[in-house]
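# Structural features, examined
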Amino acid sequence: MAMPVTITINGEARDLAVAPFRTLLDVLRNEAGLTGTKKGCDVGDCGACTVLLDGEPVNACLVLAVEVDGRAVTTIEGIAPEPDRLHPLQESFMALGASQCGFCTPGIIVMAKALLDRNPDPTEDEIRFGLAGNICRCTGYTKIVEAIRATARQMAAAGQPRE
């Protein structure tokens, strides 16, 4: 039996009917049509499905959609400040070659945004610790860390908000 929920997804209130056993990940991908959030391990180990729930990073595969009723979710599609402009993290990842296959990239960028929101000038160790729940099998993390550090420096220099 489907249950009605209202979830604010990327700033837009969405009224959805979801089965009580459906995960937020599946609802985002299937009912909301937002496929940027990836389904990796589906048990909370890889971080590919990281989204922001009321501003805090969560593994969407571990959250039931009915638990999110009345709350705000931000996906990779929603972190850009405007529809035709990428978030500085996205720009840095592209410019510095911080992704290869790209499967893990949305979850890592969302986690990095949460990290920079909490700590605008993280050290390399703080970045690596902050990304510990996000697995990348392609890059070796060096370019990812460099892209996050570059974004932090760029945003600080510009006095730019991280939203």
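Before going into details, it helps to say that this report is about the structure given with it. (Residues numbered from 1 in each chain as written. Predicted model: local features only at pLDDT ≥ 70, side-chain atom pairs only at ≥ 80, totals over all residues. Heavy atoms only, no water.)

## Observations regarding the overall build of the chain
In terms of helices and strands, the chain carries five helices and five strands. Tracing the chain from N to C terminus, the helices and strands come up as β-β-α-β-β-β-α-α-α-α. A compact globule built from 163 residues should have a C-alpha radius of gyration of about 15 Å, and the chain, at 16 Å, falls within 12% of that. Taking the principal axes of its C-alpha atoms as reference, the chain extends roughly 50 × 30 × 25 Å. A buried classification covers 44% of the 163 residues belonging to the chain. Contacts in the chain between residues far apart in sequence, at least 24 positions, make up 56% of those at least 6 positions apart. As displayed, the chain offers around 8100 Å² of accessible surface, 52% of which is attributable to carbon and sulfur atoms. (Helix = DSSP H or I, 4+ residues; strand = E, 2+ residues; numbered from the N terminus. Rg over C-alpha atoms; globule rule 2.2 N^0.38 Å. Buried < 20%, exposed > 50% of the residue type's maximum accessible area, 1.4 Å probe, protein only. Contact = heavy atoms within 4.5 Å. Areas by Shrake-Rupley, 256 points an atom, 1.4 Å probe, with all protein chains shown as cover.)

## Some remarks on the sheet that holds strand E3 (residues 50–53)
Within the open sheet, the five strands sit side by side as E2-E1-E5-E3-E4. Their pairing is mixed. Lying at the two open borders of the sheet, with one neighbouring strand each, are strand E2 (12–18) and strand E4 (56–59). Across the sheet, the mean angle from the axis of one strand to that of its neighbour is 40°, orientation sign disregarded. Examined bridge by bridge, E3 and E4 share four bridges and lie antiparallel to one another. Among the inter-strand pairings, Thr-50 is bridged to a residue of E4, identified as Asn-59. Lying on the sheet, helix H1 (residues 24–31) is in contact with strand E1 (3–9), E2, E3 and strand E5 (72–74); it crosses E2 at an angle near 105°. Against the sheet, helix H3 (residues 105–118) touches E3 and E4, its axis set at about 40° to E3. (Pairing = 2+ DSSP bridges. Axes fitted to C-alpha atoms, helices over the stretch in contact; angles between N-to-C directions.)

## Topic: the pairing of E3
Alternating positions in E3 separate into two faces, Thr-50 and Leu-52 on one and Val-51 and Leu-53 on the other, with burial throughout. The antiparallel pairing of E3 with E4 creates a hairpin that spans two residues between the two strands, and Asp-54 there sits at a positive phi of about 50°. Where E3 meets E5, two bridges bridge the pair, whose relative direction is antiparallel. Within E5, the residue paired with Leu-53 across the bridge is Val-73.

## What to know about the layout of surface pockets
Its volume calculated, the largest pocket comes out at about 160 Å³. In terms of lining, the largest pocket is formed by Gly-40, Cys-46, Ala-48, Cys-101, Phe-103, Cys-104, Ile-135, Cys-136, Arg-137 and Cys-138. (1 Å grid on protein atoms, 1.4 Å probe; cavity = no way out; pocket = protein on both sides within 12 Å on 5 of 7 lines; lining within 4 Å. Points joined across faces, edges and corners; volume = space filled by probe spheres on them.)

## Some details on the environment of Leu-96
The residue Leu-96 is located in the loop between helix H2 (88–95) and H3 in this model. Spatially, the C-alpha atoms of Leu-96 and Pro-4 are 43 Å apart, while their sequence positions differ by 92 residues. Those residues in contact with Leu-96, other than ones at most four positions away along the chain, are Lys-143, Glu-146, Ala-147 and Ala-150.

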